[in-house]
Amino acid sequence: MIAENLAEINNRIKKATEKSPQINKDVTLVAVSKTFPSSSIREAYQAGQKIFGENKVQEALDKIDECKDLSEAEFHMIGHLQSNKVKYIPGVFKLIHSVDRKSLVKEMHKRFYREGRKQDILVQVNLALEEQKGGVNQTNLDDLLEYILQCNSLNLRGFMLMPPFLENPEDNRYLFAKMYELFAQYKDQFEKSGTEGFDTLSMGMSADFEIAVEEGSNMVRVGSKIFGQRNYNK
Ligand SMILES: *Cc1c(COP(=O)(O)O)cnc(C)c1O
């Protein structure tokens, strides 16, 4: 089942990519395995999927341990990250998608620097100005990016967007487009100033990954369409 789902998602990503050949070549699929057991990760891995997304530190640590024989597997942190959990994560995640505030950056730099590590990160942007939602507002974005660039243990790789949940995902298309525009603008700016590696735009989930890819995403985070419905209260 998981193998078939993966094949279908990959196929649909490819089709969406072909709709916007001027912006997208390679789209990376992050299989969001949160709430699912490590046996599901194994099943996906055997079907060729190597990148997995988790949203809770402890759950991720447990599963990564259970999957340590999967030599090519890599894990991304995609959920809200509490500062008091940062001490557990140096060397754990290939990419952290959810960096959104100075206090978190400060704690991350402290811990990663101490261990002599360099961590790839994305900055989560809250474009729709939703309250009680992770992500930095556009007005504070410049300030946060400047702060991150001073931290040599952190490697700024791009942006992540988590749009509002809407009945009709087409209603978020303009947000994906706006996010891409902002991403392209910063990418250009960073390239001109010699800051390397800003190349990743993480947006799109099960309900809207095709729209996101059409609008310029090059990393999608798909969970339920691969692993099935999540059960949060088991
Ligand atoms: C759960 C989650 C996803 C995947 O959601 P699906 O709708 O199951 O594809 C993507 N991104 C983040 C940040 C998530 O927490």
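Residues numbered from 1 in each chain as written. Predicted model: local features only at pLDDT ≥ 70, side-chain atom pairs only at ≥ 80, totals over all residues. Heavy atoms only, no water.

**Notes on the site of the ligand**
Here's step 1: In the vicinity of the ligand, the contacting residues are Val 32, Lys 34, Ile 78, Met 162, Met 205, Ser 206, Arg 221, Val 222, Gly 223, Ser 224 and Arg 230.
Here's step 2: The side chain of Lys 34 places a nitrogen or oxygen atom 2.7 Å from an oxygen atom of the ligand.
Here's step 3: Considered class by class, the residues forming the shell around the ligand number five nonpolar, three polar and three charged. (Near = heavy atom within 4 Å. Polar contact = N/O pair within 3.5 Å; in protein donor to acceptor, adjacent residues only side chain to side chain. Nonpolar A, V, L, I, M, F, W, Y, C, P; charged D, E, K, R; others polar.)

**Let's talk about the environment of Ile 211**
Here's step 1: With respect to the secondary-structure elements, Ile 211 resides in helix 7 (residues 209-214).
Here's step 2: It is 8.6 Å that separates the C-alpha atoms of Ile 211 and Asn 172, two residues lying 39 residues apart in sequence. (Helix = DSSP H or I, 4+ residues; strand = E, 2+ residues; numbered from the N terminus.)

**Section: the packing of helix 5 (residues 138-149) against helix 6 (residues 173-192)**
Here's step 1: One can describe the packing of helix 5 onto helix 6 by two numbers: an axis separation of 14 Å at closest approach and a directional angle of 35 degrees. The interaxial crossing formed by helix 5 with helix 6 has right-handed handedness. For the pair helix 5 and helix 6, contact is made by Gln 138, Leu 141, Asp 142, Leu 145 and Leu 149 and by Lys 178, Leu 182, Tyr 186 and Phe 190, respectively. (Axes fitted to C-alpha atoms, helices over the stretch in contact; angles between N-to-C directions. Left-handed = near helix turned anticlockwise from the far one by under 90°. Contact = heavy atoms within 4.5 Å.)

**Notes on helix 2 (residues 38-46)**
Here's step 1: Taken together, the buried positions of helix 2 are occupied by Ser 38, Ser 40, Ile 41, Ala 44 and Tyr 45. In a view along the axis of helix 2, the buried residues occupy a sector of 150 degrees, so they form one face of it.
Here's step 2: Buried-residue contacts for helix 2 involve helix 1 (2-19), strand 2 (51-54), helix 3 (57-66), strand 3 (74-77) and helix 8 (224-227).
Here's step 3: Gly 48 sits one or two positions beyond helix 2 and adopts a positive phi of about 110 degrees. (Buried < 20%, exposed > 50% of the residue type's maximum accessible area, 1.4 Å probe, protein only. Arc of directions from axis to C-beta.)

**With respect to the environment of Arg 111**
Here's step 1: Assignment of secondary structure puts Arg 111 in helix 4 (residues 102-114).
Here's step 2: Between the C-alpha atoms of Arg 111 and Leu 154, which are 43 residues apart in sequence, the distance is 11 Å.
Here's step 3: With residues up to four places along the chain from it excluded, the contact list for Arg 111 reads Val 86, Lys 87 and Pro 90.

**Topic: the packing of helix 4 against helix 5**
The description of two helices packed together rests on the angle between their axes and the distance between the axes.
Here's step 1: Viewed as axis vectors pointing N to C, helix 4 and helix 5 meet at an angle of 5 degrees, and their least axial separation amounts to 10 Å. Overall, the two elements helix 4 and helix 5 adopt an arrangement that is roughly parallel. Residue-level inspection shows Lys 102, Val 105 and Lys 106 of helix 4 in contact with helix 5, the latter providing Asp 143, Leu 144, Tyr 147 and Ile 148.
Here's step 2: Residues of the contact of helix 4 with helix 5, tallied by class, amount to four nonpolar, no polar and three charged. (Parallel < 35°, antiparallel > 145°, perpendicular 65-115°, else oblique.)

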